[in-house]
Amino acid sequence: MSETRSDGELLRAVAADADRRAFEELYRRYAPWLRARLRGRCADLGVVDDVVQETFLAVWRGKARYREEGDVAGWLWRIGSRRLVDALRGDGARGRLRQALARLGHRDEASAEERVLAGVEHGDLAGALVRLSPELRAVLQATVIDGLTTREAAVLLGIPPGTVKTRAMRARKQLREALA
């Protein structure tokens, strides 16, 4: 039985040797997770599948370089979330995004991020976050948790960049007041 390689070893093998087996192992390890995470942002399965493929193609072609600064999942999420924003910028993307967000806004089950944000282990912060309006929480999630720029968050949320900035400022103010 062969020894399981670390994520770093797999990425080095892909980058240095174009090791197809290493790439396939990395894909099997992270594609389902990335697909599930992107589904939380976009209801269009075709777009999600395209973004997952584009993310891993960027890794295979060496357009995305892992610098061993953090975990591989976070690195792949940053690539994938930015590619999703790019995909949603296409023709009709704003309409598709609004529909997807509307469906997400009416779902019964909380996302993993929402459960973590509201988790008991975060104490007062969790309570303060729960009391924020959904619009303010969505901006915080996009900009803080997902690490998107203001412009990327604006495309993802279907609102102007100025509104993202205003909502982020309001959310920070409300959190400061709640935690003071």
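Residues numbered from 1 in each chain as written. Predicted model: local features only at pLDDT ≥ 70, side-chain atom pairs only at ≥ 80, totals over all residues. Heavy atoms only, no water.

(A) Structural context of the environment of W77. Inspection of the secondary structure assignment puts W77 in helix α4 (residues 72-88). We classify W77 as buried; its relative accessible area is 4%. In this structure, the C-alpha to C-alpha distance between W77 and W33, residues 44 residues apart in sequence, is 9.5 Å. Among residues more than four places away in sequence, those in contact with W77 are W33, L34, R37, L38, R41 and D146. (Helix = DSSP H or I, 4+ residues; strand = E, 2+ residues; numbered from the N terminus. Buried < 20%, exposed > 50% of the residue type's maximum accessible area, 1.4 Å probe, protein only. Contact = heavy atoms within 4.5 Å.)

(B) Main features of the packing of aromatic side chains. As enumerated under the stated definition, the model contains four aromatic pairs in all. A centroid spacing of 6.5 Å and a plane angle of 85 degrees characterise the contact between Y30 and W33, whose relative ring orientation is edge-to-face. One end of the pair, Y30, and the other, W33, are both in helix α2 (residues 20-39), three residues apart, so they sit about a helical turn from each other. By way of ring pairs, the aromatic residues F23, Y27, F56 and W60 are connected into one cluster. Over the face of the ring belonging to W77 we find R37, whose NZ or CZ atom lies 4.1 Å from the ring centre. (Phe/Tyr/Trp six-rings, centres within 6.5 Å; stacked < 30°, edge-to-face > 60°. Lys NZ or Arg CZ within 6 Å of the ring centre and 35° of its normal.)

(C) Layout of helix α1 (residues 7-17). Taken together, the buried positions of α1 are D7, G8, L10, L11, A13 and V14. Buried-residue contacts for α1 involve α2, α3 (45-60) and α4. Positive phi shows up at A18, right after α1, with a value of about 50 degrees.

(D) Inspection of the packing of helix α9 (residues 150-157) against helix α10 (residues 161-179) at higher detail. Between α9 and α10, whose axes approach to 8 Å, the crossing angle comes to 105 degrees. By the angle between their axes, α9 is roughly perpendicular relative to α10. Contact residues: α9 offers T150, A153 and A154, while α10 offers P161, V164 and K165. Residue composition of the contact of α9 with α10, grouped by class: four nonpolar, one polar and one charged. (Axes fitted to C-alpha atoms, helices over the stretch in contact; angles between N-to-C directions. Parallel < 35°, antiparallel > 145°, perpendicular 65-115°, else oblique. Nonpolar A, V, L, I, M, F, W, Y, C, P; charged D, E, K, R; others polar.)

(E) Empty space enclosed by the protein, seen in detail. This model, assessed by the stated rule, comprises one cavity of 30 Å³ or more. In this structure, the largest cavity encloses a volume near 30 Å³. Surrounding the largest cavity, R41, W77, S81, L84, V85, D146, L148 and L156 form its lining. Looking at the lining of the largest cavity, the element that brings in the most residues is α4, giving four residues. Looking at the lining of the largest cavity residue by residue, the class counts come to five nonpolar, one polar and two charged. (1 Å grid on protein atoms, 1.4 Å probe; cavity = no way out; pocket = protein on both sides within 12 Å on 5 of 7 lines; lining within 4 Å. Points joined across faces, edges and corners; volume = space filled by probe spheres on them.)

(F) How the structure looks around the nonpolar core. If you look at the biggest cluster of nonpolar residues, it comprises 38 residues, and the most contacted ones within it are L26, L38, F56, V59 and L84. For this core, the elements supplying multiple residues, two or more each, are α1, α2, α3, α4, α8 (134-145), α9 and α10. The residues contacting L38, other than those within four sequence positions of it, are V48, V51, V52, W77, G80, S81 and L84. Core analysis: the second largest hydrophobic core is formed by seven residues, L129, L132, L140 and L175 among them. (Core = buried A, V, L, I, M, F, W, Y, C linked by side-chain atoms within 4.5 Å.)

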